[in-house]
Amino acid sequence: MSTQEGIRPAPVPLVLGGARGGPRVRTLRRDSWKRSPLITQGYLLLFVVYATWAAFQNSNYYVGASSHRDLISPFYSPCVGASCVPGSHGSFLLHWWTYSPALVILIIPLGFRVTCYYYRKAYYRSFWHSPQACGVTDGHKKYTGETRFPLIIQNIHRYFFVLGVLLNIMLTIDAVMAFRMPGAGGIGVSVGTIVLCANAVLLWFYSVSCHACRHLCGGHVNEFSKHPVRHGLWKIITPLNAKHMQLAWVSLSFVALTDLYVRLVASGVITDPKIF
Amino acid sequence: MAEVVMRIWRGDSEGGEFQDFPTQVSEGEVVLDVVHRIQAEDAPDLACRWNCKAGKCGSCSAEINGLPHLMCMTRMDTLPTEEPVVIAPMKTFPIIRDLVTDVSFNYEMARRLPPFAPKEPGPDGTYRMQQIDVERGQEFRKCIECFMCQDICHVIRDHEENKEHYAGPRLFIRYMELESHPLDTNDRRELLREEMGLGYCNITKCCTEVCPEHIKITDNAIIPLKERVVDASYDPVAWLGRKILRRTKKTATEAANYRTDPKTVKASQ
């Protein structure tokens, strides 16, 4: 018996009968409703293909002292695999992991974004057609949403948020370290420094604007007047949360561009110009 | 004046079809004006529900070119007129006639909602709330019950069988208003998870897109409710924190008992 039995008013029979009106067509929409899910699908596929390719490369992810730089790709940071190149890793290494280190570390951002409330909307619409657009019949005969396995796992989003924050701290350290110019005279700023800093800032904005963050910081509180600090945090996060979709796309794009930039510099295709 | 064809669904529970009504549209007219003119001139038996004609009563909801709108707030000059303007009844609810549907599903789901159960008043016998606590629920009170969010929600729009166990976006904002109310003692989280189908919502935000009051239904009600359900049912760390710090609302049963016999609950704690 549900524990709600005590507080629930006596149920009134629900009358579900009755024929629906309107024509039996998939949709009566005439606007270009297919465009948005198609763009989302294409962009996400493009990112997945690039990220998968980059993760399996296991090379050209670090620009080190030989180039007078300290730049590491966000796909490979923190570098914890046995195959990490010298200079790219700290003291902690998973010596038993001999494959690409990106395959370990990417689990965190992948889990964070897959369970993200915004991306759920994006891929439920564009890949799962559930529904493809508002007012368009969804593509499934039966629908149970996120009530059963495997989609009930989406409820662990807050744990990935915490792991994502830890990863952001590592990427912020990488951005700070990118100000070092080893062997070329101490501290400076290059284009790579700016790219890594911008990447870290965007990832922080994306993480802080997350719905789970909003809930954990203050959303769970019922009496704001008794929790002024939590209310203050909630008020800061709420406008950012309204931009979560935009931050999701910008940060996703920039993390790939950051990897691409580091990869091009590391492979010698371009040089990282020093600004000052 | 512009010439436009209004393609309106005519029929009842036995069946129906679209009927075209060529008509003239004047500057500034809304869809409801044109429907009323058709009623007056061409089809006096055309059924349509309306009341305030000001976007506040929520009566004239219908699907215009495939998406739910308030007919009284949809200006004709915002619609493409080179093709017929298609007006159909809300798809999710049983049809009564023409554009009128039976929305009693929503009222039944409202009856199933455990009501506001205030805690004990202060020593002076009154309740006090600070302005910042009052403000949070104001957004949800803007709801005019047009039920367009319920209509567009694919959980029940495309799956009739889910109506038995899905309250829908309109009711979720009411749940959130009560769940976040500082004076309320009821805990509806388990009910939301087990019987009101919160987990059926997959955050596609159609309810937010169609809301004429621009209530952020998904971001400010459904997702916060989902997070509260995670607190209650899926997060072992939150559970442990509650046990250690003893900081939680009463469980649903405790709250119910408390209202009937406060001493019993106090004695059992």
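Residues numbered from 1 in each chain as written. Chains lettered and ligands numbered in written order. Predicted model: local features only at pLDDT ≥ 70, side-chain atom pairs only at ≥ 80, totals over all residues. Heavy atoms only, no water.

## Some points on the environment of Pro169(B)
Residues and elements named next belong to chain B. Rule in force here: In this text, helices come from DSSP runs of H or I with a minimum length of four residues, and strands from runs of E with a minimum of two, each type numbered from the N-terminal end. The contact definition used throughout considers only heavy atoms, calling two residues in contact when any of these lie within 4.5 Å.
Along the chain, the position of Pro169 falls in helix 6 (residues 169-179). Along the backbone, Pro169 and Leu198 are 29 residues apart, and their C-alpha atoms lie at a distance of 9.2 Å. Residues within four places of Pro169 in sequence aside, it is in contact with Cys149, Gln150, Cys153, Cys207, Ile217 and Ile222.

## Remarks on the environment of Val269(A)
Residue and element names in this part refer to chain A. Put simply, the rule is: Using a 1.4 Å probe on the protein chains alone, a residue whose accessible area is under 20% of its type maximum counts as buried, one over 50% counts as exposed, and one in between counts as partly exposed.
Among the secondary structure elements, Val269 is positioned in the segment after helix 9 (244-266). When its relative accessible area of 57% is taken as the criterion, Val269 is described as exposed. Considered as a pair, Val269 and Leu167 are 102 residues apart in the sequence and their alpha carbons are 28 Å apart.

## Structural notes on the side chain of Glu227(B)
Convention followed: Polar contact is defined as a pair of N or O atoms within 3.5 Å, subject to the rule that within protein one atom must be able to donate a hydrogen and the other to accept it, and that residues adjacent in sequence are counted only when both atoms are side-chain atoms.
Within the secondary structure, Glu227(B) sits in helix 9 (residues 217-234). There is a polar contact of 2.6 Å between the side chain of Glu227(B) and the side chain of Tyr117(A). Once you skip the residues sitting within four places of it in the chain, Glu227(B) turns out to touch Tyr117(A), Arg158(A), Ala212(A) and His215(A).

## Examining the domain arrangement of chain B
All names here are of chain B. Selection criterion: Here the bounds of each domain stem from an automatic or database domain assignment. The buried area of a pairing is the accessible area, by a 1.4 Å probe, that goes missing from both parts when the two are put together, added over both. What counts as a salt bridge is simple: a side-chain nitrogen of Lys or Arg found within 4 Å of a carboxyl oxygen of Asp or Glu.
For chain B, the assigned domains are domain 1 (2-101) and domain 2 (104-268). A straight line from the C-alpha centre of domain 1 to that of domain 2 covers 34 Å. If you look at the interface, domain 1 gives 16 residues, while domain 2 gives 18 residues. In this assembly, domain 1 packs against domain 2 so that about 1200 Å² is buried in total across both faces, 56% of it on carbon and sulfur atoms. Of all residues in domain 1, the largest losses of buried area upon contact with domain 2 belong to Pro68, Thr92 and Phe93, amounting jointly to 45% of the total for that side. At the junction of domain 1 with domain 2, the criterion picks out three salt bridges. Among the ionic pairs, Glu63 bridges to Arg157, the shortest N-O distance being 2.8 Å. Secondary-structure elements contributing two or more residues to the side of domain 1 that touches domain 2 are strand 3 (61-64) and strand 4 (67-70).

## Topic: the nonpolar core
Nonpolar side chains in soluble globular proteins tend to be buried together. All names here are of chain B. Note the cut-off: Grouping buried Ala, Val, Leu, Ile, Met, Phe, Trp, Tyr and Cys residues that are joined through side-chain atoms within 4.5 Å yields what is termed a nonpolar core.
Tyr166, Phe172, Tyr175, Leu192 and Ile217 are the most contacted members of the largest nonpolar core, which has 38 residues in total. Residue assignment for this core shows that the elements contributing at least two residues are helix 2 (104-111), helix 5 (154-157), helix 6, helix 7 (189-194) and helix 9. Discounting chain neighbours no more than four positions away, the residues touching Tyr166 are Phe105, Met109, Cys153, Val155, Ile156, Phe172, Glu195, Met196, Gly197, Tyr200 and Cys201. Counting residues in each nonpolar core, the second largest holds 33 residues, with Val34, Cys60, Ile64 and Ile144 among its members.

## Observations concerning a nonpolar patch on the surface
All names here are of chain A. This is how the line gets drawn: Only residues whose relative accessible area exceeds 30% and that form no salt bridge enter a patch; like-charged residues are grouped when within 9 Å of one another, and nonpolar side chains (Val, Leu, Ile, Met, Phe, Trp, Tyr) when within 5 Å. What sets the accessible areas is the Shrake-Rupley method with a 1.4 Å probe; for residues, cover comes only from the shown protein chains.
On the surface, a cluster of nonpolar side chains totalling about 550 Å² of accessible area is made up of Val162, Leu163, Leu166, Ile169, Met170, Ile173 and Met177. Along the chain, the position of Leu166 falls in helix 5 (residues 157-177). Overall, the relative accessible area of 48% leaves Leu166 in the partly exposed class.

## Looking at helix 6 of chain B
Residues and elements named next belong to chain B. Counting buried positions along helix 6 gives ten out of eleven residues, so the element sits mostly inside the fold. Within the sequence span of helix 6, burial applies to Pro169, Arg170, Leu171, Phe172, Ile173, Tyr175, Met176, Glu177, Leu178 and Glu179. In the core, the buried residues of helix 6 are packed alongside helix 2, helix 3 (131-138), helix 4 (148-152), helix 7, helix 8 (206-210) and helix 9.

## Some points on the interface of chain A and chain B
In plain terms, the rule: Gly is placed with the polar residues, together with every amino acid not listed as nonpolar (Ala, Val, Leu, Ile, Met, Phe, Trp, Tyr, Cys and Pro) or charged (Asp, Glu, Lys and Arg).
Taken residue by residue, the interface counts 60 residues in chain A and 81 residues in chain B. Counting the surface lost from both chain A and chain B, the interface buries some 6100 Å², and carbon and sulfur atoms represent 52% of this. Connecting chain A to chain B are seven salt bridges. Where Arg20(A) meets Glu160(B), a salt bridge forms, and the shortest distance between an N and an O atom there is 2.6 Å. The interface formed by chain A and chain B holds 36 residue pairs in polar contact (both at pLDDT 80 or more) in total. Among the secondary structure elements, those contributing two or more residues to the side of chain A that touches chain B are helix 4 (117-126), helix 5, helix 7 (211-219) and helix 8 (228-241) of chain A. Here the side of chain A that touches chain B is composed, by residue class, of 22 nonpolar, 24 polar and 14 charged.

## Considering the pairing of strand 3 of chain B
All names here are of chain B. Rules: For two strands to be treated as a pair, DSSP must find at least two bridges joining them.
Here strand 3 shows no split at all, with Ser61 and Glu63 on one side and Ala62 and Ile64 on the other all buried. Sheet analysis places strand 3 next to strand 4, joined by four bridges and oriented antiparallel. The residue bridging Ile64 from the neighbouring strand is Leu67, located in strand 4. Linkage of strand 3 to strand 4, two consecutive antiparallel strands, is achieved through a turn of two residues, within which Asn65 is found at a positive phi near 50 degrees. Judged from the two bridges that link them, strand 3 and strand 5 (residues 85-88) form a sheet pairing that is antiparallel. Following the sheet pairing, Glu63 is matched in strand 5 by Ala88.

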